[in-house]
Amino acid sequence: MMSRVRFVRGLAVLSMVLAAPFAHAQNYPAKTIRLLLPFAGGTDVVGRLIALKLSPTLGQQVVPDPRLGAGGNIAHEAAARAAPDGYTLLMAAPPVLINPLLNPKVAFDPLRDFAPIALVGSIPNMLVVHPSVPAKSLAELTQLARSRPGKLTYGSGGVGSVNQLAAELMKSLTKTNIVHVPYKSATIALVGAMSGEVDVVIVAVSSVVPYAKEGRMRALAVLDAKRVGSLPEVPTTAEAGLPQLVAVNWYMLLAPAATPRAIIERLNAETVKATLAPDTRERLAAMGGEPAAGTPEQTAEFLRKEYERWGKVIRDGGIKSE
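This is a predicted model, so every value here is computed, not measured.

Quick notes on the overall build of the protein chain
A count of helices and strands for the protein chain gives eleven helices and ten strands. Considering the protein chain as a whole, with its 322 residues, one finds that 51% of them fall into the buried category. Partitioning the intrachain contacts of the protein chain with sequence separation of at least 6 by distance along the chain shows that 76% fall at a separation of at least 24. Counting every atom, the protein chain has about 14900 Å² of accessible surface; 57% of that belongs to carbon and sulfur. On the protein chain, the mean spot of the 34 positive side-chain charges and the mean spot of the 25 negative ones are 4 Å from each other.

A word on the packing of aromatic side chains
Tallying each qualifying case throughout the model produces three aromatic pairs. Summarising the aromatic geometry, the rings of phenylalanine 108 and phenylalanine 114 are spaced 6.0 Å apart at their centres and angled 65° between planes, so their arrangement reads as edge-to-face. Note on phenylalanine 108: relative accessible area 5%, which makes it buried. With centroids separated by 5.7 Å and ring planes inclined at 85°, the aromatic side chains of tryptophan 250 and phenylalanine 302 adopt a geometry described as edge-to-face. Within this pair, whereas tryptophan 250 is found in strand β9 (residues 248-256), its partner phenylalanine 302 is found in helix α11 (residues 296-317), the two being separated by 52 residues in sequence. Taking the ring centre of tryptophan 310 as reference, the NZ or CZ of arginine 309 above it sits at 4.4 Å.

Things to note about the environment of glycine 294
Tracing the backbone shows glycine 294 in the loop between β10 (290-291) and α11. Residues within four places of glycine 294 in sequence aside, it is in contact with Ala118, Asn268, Val272 and Thr299.

Examining the nonpolar core
Within the largest apolar cluster, 31 residues are counted, with the highest numbers of intra-cluster contacts made by Leu127, Leu141, Leu165, Leu223, Trp310 and Ile314. Within the residue set of this core, elements represented by two or more residues are α4 (95-102), β4 (114-129), α5 (138-147), α6 (162-174), β7 (200-204) and α11. Once residues lying within four places of it in the same chain are set aside, the contact partners of leucine 223 are Asn125, Met126, Leu127, Ala166, Ile202, Thr237, Leu245, Val246, Ala247 and Val248. Counting residues in each nonpolar core, the second largest holds 29 residues, with Ile33, Val62, Ile117 and Ala274 among its members.

Observations concerning the environment of asparagine 103
Tracing the chain through its elements places asparagine 103 in the loop between α4 and β4. A relative accessible area of 28% means that asparagine 103 is categorised as partly exposed.

Focus on the environment of tyrosine 251
In this fold, tyrosine 251 is placed in strand β9. Given the relative accessible area of 7%, tyrosine 251 is considered buried. The contacts of tyrosine 251, once residues within four sequence positions are left out, are Gly42, Thr43, Val46, Met91, Ala92, Ala93, Leu119, Val120, Gly121 and Ile123.

Quick word on α5
Of all the positions in α5, only Leu138, Leu141, Thr142, Leu144 and Ala145 are classed as buried. What you see down the axis of α5 is that its buried residues fit within an arc of 165°, all on one side. Away from its buried face, by an angle of more than 90 degrees, α5 presents the exposed residues Gln143 and Ser147. Against β4, α6, β7 and β8 (218-222) lie the buried residues of α5.

Let's talk about the side chain of asparagine 125
Its place among the elements puts asparagine 125 in strand β4. Residue classification places asparagine 125 among the buried residues on the basis of a relative accessible area of 2%. A polar contact is formed between the side chain of asparagine 125 and the side chain of asparagine 249, at a distance of 3.1 Å. Aside from chain neighbours lying at most four places away, what touches asparagine 125 is Val162, Ile202, Val203, Ala204, Val205, Ala221, Val222, Leu223, Ala247, Val248 and Asn249.

A closer look at the pairing of β9
Judged by how many residues are buried, β9 sits mostly within the fold: nine of nine residues are covered. Pairing between strand β3 (residues 88-92) and β9: three bridges, direction antiparallel. Residue pairing for β9: leucine 90 is matched across the bridge by leucine 254. Bridge analysis of β4 against β9 gives nine bridges, and the strand direction is antiparallel. When the sheet's bridge partners are listed, phenylalanine 114 is paired in β9 with proline 256.

A word on the pairing of β4
Where burial is concerned, most of β4 is hidden: 16 out of the 16 residues are buried. Where β4 and β7 come together, five bridges link them in antiparallel fashion. Directly across from valine 129, in β7, lies its bridge partner valine 200.

Considerations on helix α3 (residues 73-81)
Within α3, burial applies to Asn73, Ala75, His76, Ala78 and Ala79. On the buried face of α3, the contacting elements are β1 (33-37), β3, α4, β4 and β9.

Rules behind the numbers
- Position labels on residues start from 1 in each chain and follow its written sequence.
- Only residues with pLDDT of 70 or above have their local features reported here, since the model is predicted, and side-chain atom pairs are shown and tallied only from 80 upward, although totals for entire chains, interfaces and linings are computed over all residues.
- Each side-chain value is derived from all of the structure's non-hydrogen atoms; neither hydrogens nor water enter the calculation.
- Comment: elements are numbered from the N terminus, with helices defined as DSSP H or I runs of at least four residues and strands as E runs of at least two.
- Only protein chains enter the area calculation, which uses a 1.4 Å probe; residues under 20% of their type maximum are buried, those over 50% are exposed, and those in between are partly exposed.
- Residue contacts are defined here by distance: any two heavy atoms, one from each residue, within 4.5 Å place the two residues in contact.
- Here the accessible surface of atoms and residues is derived via Shrake-Rupley with a 1.4 Å probe, and residues count as covered only by protein chains that are part of the display.
- Asp and Glu are treated as the negative residues and Lys and Arg as the positive ones, with His and the ends of the chain left uncounted.
- Charged side chains are reduced to one point each, which is NZ for Lys, CZ for Arg, CG for Asp and CD for Glu.
- For this analysis, a ring pair means two rings from Phe, Tyr or Trp (six-membered ring only for Trp) whose centres lie within 6.5 Å, classed as stacked if their planes differ by under 30 degrees, edge-to-face if by over 60, and tilted for the remaining angles.
- Remark: a charge is flagged as sitting over a ring if the NZ atom of Lys or the CZ atom of Arg is within 6 Å of the ring centre and within 35 degrees of the ring normal.
- To define a nonpolar core, start from buried Ala, Val, Leu, Ile, Met, Phe, Trp, Tyr and Cys residues and group those joined through side-chain atoms within 4.5 Å.
- To obtain the arc, one takes the directions from the helix axis to the C-beta atoms.
- In protein, a polar contact requires one atom able to donate a hydrogen and another able to accept it; more generally it is a pair of N or O atoms within 3.5 Å, and residues adjacent in sequence count only if both atoms are side-chain atoms.
- Strands are treated as partners if at least two bridges between them are detected by DSSP.

Everything listed here is a matter of coordinates, which is why it stays silent on function.
Now the structure itself:
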């Protein structure tokens, strides 16, 4: 009889334990949500926009919380260590994957330590050259680089930056030797290209549009699947004969791993609704970008593929953190 009582009590305790996450998710959110922002620039702008849109629909404030420094890893690690209760989120960008690939000693794993919620949007990169470079297309730039191995230079925002990895991918695909000149940021690299310090740079469309329209830089290709409305005459890399050369600055909402599924689904539904809203589309379009949407599973698959793709570029190029 006593063993039966213990068994029944055990079942009751187990039921309470299993029901606790569900009950918590049903009441979510019951307090302020922090959205960690690892970078200034596009990540900050997109993060604040989404926080503003989510607050009224969730019924609680979503507060942007900049955690800058260490190449984004201060925010990344804080999010990975946070309680999996839906009250600490991360607005992630490609460095959340790239940093661990460059330095395995970082204190988080991008695929194991986060629960993907939704892609928010993306801003494509554009390949541009100084007007003195005698190449008016990607094919002509490839021919020029092959005829002058080690003579052309490209600028980037530093080792491991998306624009450096994109340039290394271009070199690998075209079998060319273009010398890397690292700067402290992609913006400074663009200034270096405009002054003629370097020949080539790959930067976000939002950064280069005014200079391309003024003729201070020549745009050769968009590193995405479709052209951009702000420079509709510039072909995509696929149209230019190099479809594998794709590099976009994407933004993704992540939660700590083990966050209850019901919370992830709620956040996904509200985030997709927010990103597809007309005013969000307008804000992203003004930055040269567009909204994204998808299920948590699609988001996780996208994250995995990006991890594998940039991992191969880093390994093939022998790229290591400074």
